Structure formats: C-alpha cells, structure tokens
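# A closer look at the structure
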Amino acid sequence: MAKRVFITGSSDGLGRMAAQLLIEQGHSAVLHARNAQRGEEALSAVPGAEKVVIGDLSSISQTRRVAEQVNRLGSFDAVIHNAAVGYQEPRRITTEDGLPHVFAVNTLAPYILTAMIERPKRLVYLSSGLHQSGDASLTDLTWEARPWRGQQAYSDTKLHDVLLAFAVAGRWPKVFSNALEPGWVPTKMGGPSAPDDLDKGHRTQVWLAVSDDPAARVTGQYFYHRKTRKPNPATRDTDLQESLLESCRRLSGVELP
Ligand SMILES: NC(=O)c1ccc[n+]([C@@H]2O[C@H](COP(=O)([O-])OP(=O)(O)OC[C@H]3O[C@@H](n4cnc5c(N)ncnc54)[C@H](OP(=O)(O)O)[C@@H]3O)[C@@H](O)[C@H]2O)c1
C-alpha cells in the first residue's frame, strides 16, 4: 500500500535519492530544503514529489516552522531524519541561537521535529559508523569547555541520533523508531573518494520507512544495509537517553511528549 513519507535534507545526497526511490516504488514523498531556491532545485530533481517544506535546521525558530508546515500537510506514515552537516567544520561555527552548527542541525533539529511533528507510524534516524566514537558522557554538548574538534563533534551528534531513536522507541511503543548507518558513500558529505556503494546508501532508510518486511517492522534497532548491527552500547542506557532529551528540551524550549 502506498505510504506518505517526509524526508529532511532531501535537496541532495541520500535524502534526495531516498525520495526518488520512494516515488519509484509508488509512495508519496514530501521534501525538505534549507531555503526557497534549494526547494525549487529539490522539486525539479525529484519529479513526482508531493511538495517541499522550507527551513534552515540550524535555526531553532526555522526548525519549529518546518514542523508547523509539515503538520499543516496532515499525517505521515514515516518521517526520515536524514539532514545533517559533516565532520569538516574547522572551528565552532555558532548559530543564531549560540549553539555549534553541527549540534544544532544534527542533534537538536531532529529532536525538535520529533517532538513537534504529529506522531507518524515510523521514525528513521540517520546515524553513522562514527557514532561508535561519540562522547557518551554527554558533558559539554555545546562545545564550550572543549577545544574544537570537527570530527569528534560530528561523531558526538551521530551518537545523539541513535540515543534519540532509542529514547523515542522506549517512550512511544506504537511507533517503529530505528537508526542506521548508510556506509561511507560519495555524496557531498562523503566526498568523492568515499569507498562504499552509493547505490546501497539510501535503501535502508526507505526500507525502514515503508517496507512490510517483518525485519523492517521493528523498533529500537540499529541497521546497516538492512541488517541489524550492534550500536555503541551506551545508546542502550536509558539514563543517558533521558539526559539527552532533557538537554535538548532545555536548549530548545520544546518538550518531547
Ligand atoms: N555520505 C556519507 O558517507 C555518510 C556516512 C554516514 C552517515 N551519513 C549520514 O547520512 C545523512 C545524509 O548525508 P548525505 O551524505 O546525503 O549528505 P549531503 O549530501 O551533504 O546532504 C545533506 C542534506 O542535508 C541538507 N542540510 C544540511 N544542512 C541543512 C540545514 N541547516 N537546513 C536544511 N537542510 C540542511 C542539505 O541541504 P543542501 O543541499 O542545501 O546543503 C542536503 O539536502 C546524514 O545524516 C549523514 O550524517 C552519511
């Protein structure tokens, strides 16, 4: 049966490929882009997309508006939290809210959207193999005490994405909430010499969002190429999950129901 899916960061890379594949499979895809021009580009790159929602996820107020736009479109079967920025920021880029850019886009935005978008049947969070070396102490989430290290900052946020997926799986038992790593693939983020298969990079997120395969109808799991993979054990710590939710609530002013 055709399903309706919202995909963040679908103006490029794996998000755009996921939207194209969903439409090829007969599903309905709502895209998301950072601004109107990227929105136009996304719509022309993904013929058949239902609509595009606009907002820069590095801004708390714009992220809130993304959630409001999505809710005005009605309900969704699945939301794929795909948008992110990579690991090569050479310094702590500070957003309008005073947060590190990588944290705002990769951690806080999926938290805000999860909390504010009307609950779908499935949630999919894009993590990375680098989450294994994320800082599980969750101290200094906003990089005020530590000297900046771009790759560590990215890895931390990808650990947060798994913690968020599992926290939601625990809180909302009727929703399938899972995380995955797509492999290191040659998108804008992955770079031209990324070694993994680009054609496999977007398929697991689509499968988790819409497939009736019993292996995809699970919750609180971590995947790589449609197979479960062991995540960083810290992601199973419910106190740590709650601690991340509490920090995100404090920093965004948005409560996860
Ligand atoms: N590629 C890899 O090797 C790899 C490996 C592990 C995990 N991942 C994960 O896979 C996901 C997709 O990555 P990708 O490789 O497809 O990256 P990408 O090609 O760089 O695409 C990222 C998407 O996110 C959007 N985006 C970034 N910042 C945004 C912001 N502030 N507001 C709104 N949209 C924003 C981008 O918009 P613009 O096009 O306008 O920039 C683009 O559509 C990410 O979560 C990433 O962490 C990727």
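Residues numbered from 1 in each chain as written. Predicted model: local features only at pLDDT ≥ 70, side-chain atom pairs only at ≥ 80, totals over all residues. Heavy atoms only, no water.

## Overview of the overall build of the chain
Note the threshold: The numbering of helices and of strands both runs from the N terminus, where a helix is a DSSP run of H or I of at least 4 residues and a strand a run of E of at least 2. Only heavy atoms matter for contacts: two residues are in contact if any of them lie within 4.5 Å across the pair. Note on areas: these come from Shrake-Rupley sampling with a 1.4 Å probe, and a residue is covered only by the protein chains present in the view. A residue counts as positive if it is Lys or Arg and as negative if it is Asp or Glu; His and the chain ends are not included. By convention, charge coordinates are those of NZ in Lys, CZ in Arg, CG in Asp, or CD in Glu.
Helix and strand counts for the chain stand at eight helices and eight strands. Counting only contacts in the chain whose residues sit at least 6 apart along the sequence, the fraction spanning at least 24 positions is 70%. Summed over its atoms, the accessible surface of the chain is roughly 10,900 Å², and 50% of this surface lies on carbon and sulfur atoms. Each charge class in the chain can be summarised by its mean position, and for the 30 positive and 28 negative side chains these summaries are 3 Å apart.

## A few points about the environment of isoleucine 112
Along the chain, the position of isoleucine 112 falls in helix α4 (residues 101–116). Between the alpha carbons of isoleucine 112 and leucine 256 there is a distance of 7.9 Å; along the sequence they are 144 residues apart. Each residue touching isoleucine 112, except ones within four places of it in the same chain, is listed here: Ile60, Thr63, Arg64, Ser252 and Val254.

## Thoughts on unusual backbone geometry
Phi is positive for leucine 138, which is not a glycine, with a value near 55 degrees. Looking at where leucine 138 falls in the secondary structure, it is placed in the loop between β5 (122–126) and α5 (150–171). The residue aspartate 140 is not glycine, and still its phi comes out positive at about 55 degrees. Turning to its location among the elements, aspartate 140 is positioned in the loop between β5 and α5.

## So, the side chain of asparagine 106
Condition: We call a residue buried when its accessible area falls under 20% of the maximum for its residue type, exposed when it is over 50%, and partly exposed in between, using a 1.4 Å probe and counting protein chains only. Pairing of N or O atoms within 3.5 Å defines a polar contact, subject to two protein rules: one partner must be a possible hydrogen donor and the other a possible acceptor, and residues neighboring in sequence count only if both atoms are side-chain atoms.
Relative to the helices and strands, asparagine 106 is located in helix α4. Its relative accessible area of 1% is what places asparagine 106 among the buried residues. A distance of 3.2 Å separates polar atoms of two side chains, one belonging to asparagine 106 and the other to threonine 157. In contact with asparagine 106, not counting residues within four places along its chain, are Ala84, Val85, Tyr154, Thr157, Lys158 and Asp161.

## With respect to the sheet that holds strand β3 (residues 51–54)
Note the threshold: Should DSSP find at least two bridges between two strands, the strands are taken to pair. For helices, the fitted line uses only the C-alpha atoms of the stretch in contact; every axis is such a line through C-alpha atoms, and the angle between N-to-C directions lies from 0 to 180 degrees.
Pairing within the open sheet is mixed, and its eight strands lie in the order β3-β2-β1-β4-β5-β6-β7-β8. In the strand order of this sheet, the two ends are held by β3 and β8 (227–228), each with one partner. Note that strand β7 (residues 222–224) and β8 share two bridges and pair antiparallel. Looking at β8, one finds that phenylalanine 223 is bridged to threonine 228. Against the sheet, α5 engages β5, β6 (176–181) and β7, with an angle of about 165 degrees to β5. Lying over the sheet, helix α7 (residues 203–210) contacts β1 (4–7), β4 (78–81), β5, β6 and β7, oriented at roughly 165 degrees with respect to β5.

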